[in-house]
Amino acid sequence: MTEAIRKAVIPVAGMGTRFLPATKTTPKEMLPVVDRPAIEYVVEEAVSAGLTDVLMVTGRTKRTLEDHFDRVPELEAALEAKGDDARLALVRRATELAQVHFVRQGEARGLGHAVLCAKGHVGDEPFAVLLGDDLIDERDPLLQRMVAVQAQHGGSVVALLEVPRDQVGLYGCAELAQDDATAGQEDVVRLAGMVEKPDPADAPSNLAIIGRYVLSPAVFEVLERTPPGRGGEIQLTDALQTLAGTSPEQGGGVRGVVFRGRRYDTGDKLDYLKAVVRLASGREDLGPGLREWLAEWVASGFDTEAPTHAPVRR
Ligand code: UTP
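Structure report, in brief. (Residues numbered from 1 in each chain as written. Predicted model: local features only at pLDDT ≥ 70, side-chain atom pairs only at ≥ 80, totals over all residues. Heavy atoms only, no water.)

1. Digging into the overall build of the protein chain
Okay, step 1: Along the backbone of the protein chain there are eleven helices and 13 strands.
Okay, step 2: In summary, the protein chain has a C-alpha radius of gyration of 21 Å against a globular reference of 20 Å for 314 residues, a match within 12%.
Okay, step 3: In terms of overall dimensions, the protein chain has a C-alpha envelope of 65 × 45 × 40 Å along the principal axes.
Okay, step 4: Within the span of the protein chain, comprising 314 residues, buried residues form 47% of the whole.
Okay, step 5: Taking the intrachain contacts of the protein chain between residues at least 6 apart in sequence as the baseline, contacts between residues at least 24 apart amount to 77%.
Okay, step 6: Of the roughly 16,300 Å² of accessible surface on the protein chain, 52% is carried by carbon and sulfur atoms. (Helix = DSSP H or I, 4+ residues; strand = E, 2+ residues; numbered from the N terminus. Rg over C-alpha atoms; globule rule 2.2 N^0.38 Å. Buried < 20%, exposed > 50% of the residue type's maximum accessible area, 1.4 Å probe, protein only. Contact = heavy atoms within 4.5 Å. Areas by Shrake-Rupley, 256 points an atom, 1.4 Å probe, with all protein chains shown as cover.)

And the structure:
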């Protein structure tokens, strides 16, 4: 049996070029999804899977992230004085969720390099990596399942999503291997290897690797030896490819959990907008008003010329 996983690593040092100019001075993980920054959903997901030690690998825009997970005494005092307990609870929520630590990446040299920056904090135990622009709906737990699969089989575990074949070139793509150990677990597969952003015609499957990983600490040694790959960056996929071909005794072996739930890509502008609309539509406080307006808006044929009504202040 491997030991219980306690630590989550969240790399947030990317440039976020797809979301410029909003991400010029703000990390994309701080963009609000409805009314909470994306990163808060991700930390909550880690905590729900039992991981209460969270390390964020930050870059030049780390301040807002640090501040979000810190106390703000003057704001809390003002809300307390007004007796606004509901908003006070919302403000305190991020601070009370988990033990949050930070490490600097220095230079954005790729996701693999960001994960390597966590080596000193993680040590010699398996750990999870969560990417902040992939939001997994809390009603469809994925990380818990991945943690359980890692505990049962050892090695590393990636999250896989079936995508239309013409879109597989946007992701890392899994090449599957025969796996007797997981017979009967229809959501678990073993990976022979993986290819980063393949030409759809050459893609070994239509299973895309999405932003959740449970990794063996053996990944650190592999990352140290991994040269820059695609885009001049140290790719996590390249290190996983090596681990897929390494024996279990050396911490190798990579399995995948096929996720069939709701996932939102908030690093892409269009998908971000869809995520906000979907999540807000399902909320008790905002859903009824938003759905009513959406229905009218669609019925109007998306009339962008009509004057807007004055908003009702709540
Ligand atoms: P992406 O490949 O999505 O890159 O990184 P990006 O720079 O963040 O975004 P775009 O594509 O330019 O819009 C995947 C994850 O890895 C982190 C990012 O913060 C993101 O969560 N990352 C990437 C780092 O922490 N450091 C890096 O050097 C690169």
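2. Here we look at the packing of helix α10 (residues 269-281) against helix α11 (residues 287-299)
Okay, step 1: Packing of α10 against α11 brings their axes to within 8 Å, and their N-to-C directions diverge by 120°. Looking at the two axes, α10 sits oblique to α11. From α10, V277, A280 and S281 reach across to α11, where they touch G287, L290, R291 and L294.
Okay, step 2: Of the residues in the contact of α10 with α11, the class split is four nonpolar, two polar and one charged. (Axes fitted to C-alpha atoms, helices over the stretch in contact; angles between N-to-C directions. Parallel < 35°, antiparallel > 145°, perpendicular 65-115°, else oblique. Nonpolar A, V, L, I, M, F, W, Y, C, P; charged D, E, K, R; others polar.)

3. Side note on unusual backbone geometry
Okay, step 1: Here L20 and P21 are connected by a cis peptide whose omega angle stands at 5°.
Okay, step 2: Among the structural elements, P21 can be located in the loop between β1 (7-11) and β2 (32-33).
Okay, step 3: The phi torsion at V34 lies on the positive side, around 65°, for a residue other than glycine.
Okay, step 4: Residue V34 is classed as partly exposed on the basis of its relative accessible area of 21%.
Okay, step 5: The backbone of F302 shows a phi angle near 55°, a positive value even though the residue is not glycine.

4. Here we look at the site of the ligand
Okay, step 1: Around the ligand sit 17 residues in total, of which M15, T17, R18, Q105 and G110 are the nearest.
Okay, step 2: Note that an oxygen atom of the ligand is positioned 3.1 Å from one of the backbone N or O atoms of P11.
Okay, step 3: Here an oxygen atom of the ligand and a backbone polar atom of G14 are 2.9 Å apart.
Okay, step 4: Coverage of the ligand by the protein amounts to 83% of the 570 Å² it exposes when considered alone.
Okay, step 5: The pocket occupied by the ligand, as judged from atoms lying within 2 Å of grid points, is the largest pocket.
Okay, step 6: Of the residues contributing to the shell around the ligand, the split by class is seven nonpolar, five polar and five charged. (Near = heavy atom within 4 Å. Polar contact = N/O pair within 3.5 Å; in protein donor to acceptor, adjacent residues only side chain to side chain. 1 Å grid on protein atoms, 1.4 Å probe; cavity = no way out; pocket = protein on both sides within 12 Å on 5 of 7 lines; lining within 4 Å. Sits in = over half its atoms within 2 Å of the grid points.)

5. Considerations on α11
Okay, step 1: If you check α11, its first and last C-alpha atoms are 18 Å apart, about what 13 residues at 1.5 Å a residue would give, namely 18 Å.
Okay, step 2: Backbone geometry just downstream of α11 places G301 in the positive-phi region, at approximately 75°. (Expected span 1.5 Å × (residues − 1).)

6. Some words on the side chain of R263
Okay, step 1: Here R263 shows up in strand β13 (residues 263-265).
Okay, step 2: A polar atom in the side chain of R263 sits 2.6 Å from the side chain of D134.
Okay, step 3: Only 3.4 Å separates the side chain of R263 from the side chain of Y171, close enough to count as a polar contact.
Okay, step 4: Setting aside residues no more than four positions away along its own chain, R263 makes contact with D134, L135, I136, L161, Y171 and I210.

7. Some remarks on the packing of aromatic side chains
Okay, step 1: Summed over the entire model, instances satisfying the criterion amount to four aromatic pairs.
Okay, step 2: Relative to F220, the ring of F127 lies with its centre 5.1 Å away and its plane at 5°, an arrangement referred to as stacked. Of this pair, F127 sits in strand β6 (residues 127-130) while F220 sits in helix α8 (residues 218-225), and the two are 93 residues apart along the sequence. The burial state of F127 is the same as that of F220; both residues are buried. (Phe/Tyr/Trp six-rings, centres within 6.5 Å; stacked < 30°, edge-to-face > 60°.)

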